[in-house]
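Letter by letter, the chains look like this.
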Amino acid sequence: MRTMAIVRRVFKQMLRDKRTLALMFLAPLLIMALMYFLFQNNTTQVATLGVHNVDHQVVKAINTKHVDIHHYSSNQAKAMIKQHDLDGYLTQKDGNLTITYSNSNPTNTSLIKASLQSGLVKLKIQTLVTATKAQKKVLQTQQVALQKLTAAQKQATVSKLKTALAQAQASGNTAAAAKIQKQLRQATASAAAPTNSQSQTTTYTTSSHYIYGSSDSTFFESFLPAFLGFFVFFFVFLISGVSLLNERTTGTLSRLLATPIRRSEIIMGYLIGYGGFAIIQTVLTVVFTITVFKIHLVGSIWLVFLTNLLLALVALTLGIFISTFANSEFQMIQFIPLIVVPQIFFAGLVPVDGMASWLQAIAHIMPLYYGANALTAVVTKGAGLGDIGVNLLILVGFMVVLTMLNIVGMKRYRKV
C-alpha cells in the first residue's frame, strides 16, 4: 500500500507538470521525424575534381555522375583546392598521374578514388581491345603476303628439283633420284608458319597525396572538428542552463533582482563568470583533442581556439535563455534533445547541400552549423581568418541577440 501511495504521488506530480509531459512524449517524436527526413534523402553525392594537363581519354574515362570535373591551367594542386573548394586535383606528366585529395570529406574522397580506379581499368581494357584488333589485322595482312611469297618460293624449288630429278634419271643414278624425289615431296607439302606482332599500349601510373590526414584516415578523424565544436557547445549549454536555473529555484536570483542592480549587469556578470570556465573548458578540450588524438591540423590553432570560444559563448547565452523556460533541472535536461541534439546533424554529419530546401533553412539557424563549418575549414583546408570571417560574425550575432533576449527575459523575475 505504501508503494502504491508513492506511485500515485508520482503520477499526480507528473500530470500536473504539463510541460514535462509534453517534452517527454513529443521530443522523441520530433527527433525521429527529423532523422527520417534527413536520412531519406536520395540526392546523388557529387565530388568536385580539378584537372590540369590530363589526357582527354583519361578525363572521359573517369567522368561519372558522382564526379564533377573542372579544367584549370595551374599545376599547384593545394592552392587550387583551397581557392576553388575542390575535393581533389589531378595532374599529369607524361604517363604519370598525380592525384591530390583534400580529404576533408571522406565520402567525396572515396567517390574520386573509385572513379579514378574504374576509369583507368576501363581505359586499359579499351586499349587492349584496340591493340588486339590492330594485331589481328596486321597478322591477316602478313599471312596473305607470306602465302604469296611461300607459293612463289615453292614453285621455284619444285622446278629446280624436277630439273635435278630428270638429270639424275638420265644419268642412271637411282640413289640421287630417290633422294631428290623425297625432297620434292617435302617441298610440295610444306606450309608457312605465321609470325607474331606486338603493339605498343599506353599505360598510366598514379600517385596520391593528402592535404588532411592520409589514406588510413577514419570517419572519426574526418568529423573530429565538428565533434570538437559539438562537445564544447553541449557541455557549456548544459552547465550554464542548469546553474542559472539553480540560482532561480534557490531564490538567489530573486534576491539579486530586489537590489538596485540592473538586469544587464546581472546577465553580463553571469556571462563573464561562466565564460571564464567556458574558456578553460575550451582550452582543455582543444589541447586534449590535438595531443591525444593526434589530429592533423592544416590551419592555425589560434583560429580553432577562437571558433570554439565563440561557440562556447553562444552556448552560454543560449543555455541561460532556455533555462528561463524550465521550472526544474529535469525540464532543462529535456530541452537537450530539442535544442542541442538536432544541431549535430546539421554540423556536417549529413551533407547539408543534399538536404531538402526546408531542412537547409533549418540548418542556417543552427549556431553549430557555422561553428562546424569554420572548424572544418581551418583544420582540414587551412582556411584563414578571411575565409571563415562570415561564420565567426554570425556566431557573434547569435551571442548578441541571445544576450539581449536574456536581458529582456530577466524582467519577468523582477518583482520590485
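Structure's up top.
So, a few notes on the structure that sits alongside this text. In this text, all values refer to a predicted model and were calculated from it rather than measured experimentally. (Residues numbered from 1 in each chain as written. Predicted model: local features only at pLDDT ≥ 70, side-chain atom pairs only at ≥ 80, totals over all residues. Heavy atoms only, no water.)

1. Quick notes on the overall build of the protein
Now for step 1: A tally of regular secondary structure across the protein gives 16 helices and five strands.
Now for step 2: Partitioning the intrachain contacts of the protein with sequence separation of at least 6 by distance along the chain shows that 71% fall at a separation of at least 24.
Now for step 3: For the protein, the accessible area works out to roughly 23800 Å², and carbon and sulfur atoms hold 63% of it. (Helix = DSSP H or I, 4+ residues; strand = E, 2+ residues; numbered from the N terminus. Contact = heavy atoms within 4.5 Å. Areas by Shrake-Rupley, 256 points an atom, 1.4 Å probe, with all protein chains shown as cover.)

2. Here we look at the environment of methionine 80
Now for step 1: Position of methionine 80 among the secondary structure elements: in helix H4 (residues 77–84).
Now for step 2: You can call methionine 80 buried: its relative accessible area is 9%.
Now for step 3: Between the C-alpha atom of methionine 80 and that of glycine 50, which follows or precedes it by 30 residues, the distance is 8.0 Å.
Now for step 4: Beyond its immediate sequence surroundings of up to four residues, methionine 80 is in contact with Tyr72, Ser74, Asp85, Leu86 and Tyr89. (Buried < 20%, exposed > 50% of the residue type's maximum accessible area, 1.4 Å probe, protein only.)

3. Some remarks on the pattern of salt bridges
Now for step 1: Counted under the stated rule, the structure contains one salt bridge.
Now for step 2: As a salt-bridge pair, lysine 381 and aspartate 85 come within 2.5 Å of each other at their nearest N and O atoms. One end of the pair, lysine 381, is in helix H15 (residues 367–381); the other, aspartate 85, is in the loop between H4 and strand S3 (88–93), and 296 residues separate them in sequence.
Now for step 3: We classify aspartate 85 as partly exposed; its relative accessible area is 47%. (Salt bridge = Lys/Arg side-chain N within 4 Å of Asp/Glu carboxyl O.)

4. Quick word on the sheet that holds strand S1 (residues 47–52)
Now for step 1: Taken in spatial order, the five strands make up an open sheet running S2-S1-S3-S4-S5, and their pairing is mixed. The sheet is open, and its two edges are formed by strand S2 (67–71) and strand S5 (205–210), each paired on a single side. Strand-to-strand twist in this sheet, taken as the mean axis angle between neighbours without regard to direction, amounts to 25 degrees.
Now for step 2: Running over the sheet, H4 touches S3 and strand S4 (96–101) and is turned about 150 degrees from S3. (Pairing = 2+ DSSP bridges. Axes fitted to C-alpha atoms, helices over the stretch in contact; angles between N-to-C directions.)

5. Remarks on the packing of aromatic side chains
Now for step 1: Throughout the structure, instances matching the rule amount to 12 aromatic pairs.
Now for step 2: Seen from their ring centres, tyrosine 270 and tyrosine 274 are 6.0 Å apart, and the 10 degrees between their planes marks the pair as stacked. Pair noted here: tyrosine 270 and tyrosine 274 are both in helix H9 (residues 263–292), with a separation of four residues, about one helical turn.
Now for step 3: The cationic tip of lysine 113 hangs over the ring face of tyrosine 101; the distance from NZ or CZ to the ring centre is 5.7 Å. (Phe/Tyr/Trp six-rings, centres within 6.5 Å; stacked < 30°, edge-to-face > 60°. Lys NZ or Arg CZ within 6 Å of the ring centre and 35° of its normal.)

6. Some words on the side chain of glutamine 92
Now for step 1: Inspection of the secondary structure puts glutamine 92 in strand S3.
Now for step 2: Within the local environment of glutamine 92, its side chain forms a polar contact with the backbone nitrogen of aspartate 55, the two atoms lying 2.8 Å apart.
Now for step 3: Engagement of the side chain of glutamine 92 in a polar contact is seen with the backbone oxygen of aspartate 94, the distance being 2.6 Å.
Now for step 4: When sequence neighbours within four positions are dropped, the list of residues in contact with glutamine 92 reads His52, Asn53, Val54, Asp55, Leu97 and Tyr204. (Polar contact = N/O pair within 3.5 Å; in protein donor to acceptor, adjacent residues only side chain to side chain.)

7. Describing the packing of helix H13 (residues 341–349) against H15
Now for step 1: Interhelical geometry of H13 versus H15 gives an angle of 35 degrees and a closest axis separation of 8 Å. The hand of the H13/H15 crossing is right-handed. In contact with Gln343, Ile344, Phe346 and Ala347 of H13, H15 contributes Pro367, Leu368, Tyr369 and Ala372. (Left-handed = near helix turned anticlockwise from the far one by under 90°.)

8. Concerning helix H2 (residues 18–39)
Now for step 1: With 22 residues, H2 should cover 32 Å at 1.5 Å per step; its first-to-last C-alpha distance of 32 Å lies within 8% of that length.
Now for step 2: Burial in H2 covers these residues: Thr20, Leu21, Leu23, Ala27, Ile31, Leu34 and Leu38.
Now for step 3: Elements in contact with the buried residues of H2: helix H1 (2–16), helix H11 (329–334), helix H12 (336–339), H13 and helix H14 (357–363). (Expected span 1.5 Å × (residues − 1).)

9. Some details on the pairing of S1
Now for step 1: Where burial is concerned, most of S1 is hidden: five out of the six residues are buried.
Now for step 2: Of the strand pairs in this sheet, S1 and S2 are connected by five bridges, and their pairing is parallel. If you follow glycine 50 over to S2, its bridge partner there is histidine 70.
Now for step 3: The β-α-β motif built from S1, the intervening helix H3 (residues 56–62) and the parallel element S2 has right-handed crossover chirality.
Now for step 4: As judged from the four bridges shared by S1 and S3, these two strands associate in the parallel manner. When the bridges of S3 are listed, valine 51 appears paired with leucine 90. (Right-handed = clockwise from strand over helix to strand, strands pointing away.)

10. Section: the nonpolar core
Generally speaking, a soluble globular protein has its nonpolar side chains buried in company with each other.
Now for step 1: In this structure, Phe233, Phe237 and Ile388 are the most contacted members of the largest nonpolar core, which totals 72 residues.
Now for step 2: When residues of this core are assigned to their parent elements, the largest contribution, 15 residues, is made by helix H7 (residues 219–249).
Now for step 3: Excluding residues that lie within four positions of it along the chain, isoleucine 388 makes contacts with Leu303, Thr307, Ala374, Ala377, Val378 and Ala383.
Now for step 4: Membership of the second largest hydrophobic core comes to 20 residues, among which are Val51, Val59, Ile69 and Leu123. (Core = buried A, V, L, I, M, F, W, Y, C linked by side-chain atoms within 4.5 Å.)

11. A closer look at unusual backbone geometry
Now for step 1: Despite not being glycine, asparagine 53 has its phi angle at roughly 55 degrees, a positive value.
Now for step 2: Mapped onto the elements, asparagine 53 comes out in the loop between S1 and H3.
Now for step 3: By relative accessible area, which is 56% here, asparagine 53 ends up exposed.

12. A short note on the side chain of serine 240
Now for step 1: Residue placement: serine 240 occurs in helix H7.
Now for step 2: A polar side-chain atom of serine 240 sits 3.2 Å from the main-chain carbonyl oxygen of phenylalanine 237.
Now for step 3: The contact partners of serine 240, leaving out residues within four places of it in the chain, are Ala315, Leu316, Gly319 and Ile320.

13. Observations regarding the packing of helix H10 (residues 301–323) against helix H16 (residues 385–409)
Now for step 1: Running from N to C, H10 and H16 point in directions that differ by 20 degrees, and their axes come no closer than 9 Å. Taken as axis vectors, H10 and H16 run roughly parallel relative to one another. Handedness of the H10/H16 crossing: left-handed. Here H10 contributes Leu303, Leu306, Thr307, Leu310, Leu311, Leu313, Val314, Thr317, Leu318, Ile320 and Phe321 to the contact with H16, which in turn contributes Leu385, Ile388, Leu392, Leu395, Val396, Phe398, Met399, Leu402, Thr403, Leu405 and Asn406.
Now for step 2: Across the contact of H10 with H16, the residue classes tally to 18 nonpolar, four polar and no charged. (Parallel < 35°, antiparallel > 145°, perpendicular 65-115°, else oblique. Nonpolar A, V, L, I, M, F, W, Y, C, P; charged D, E, K, R; others polar.)

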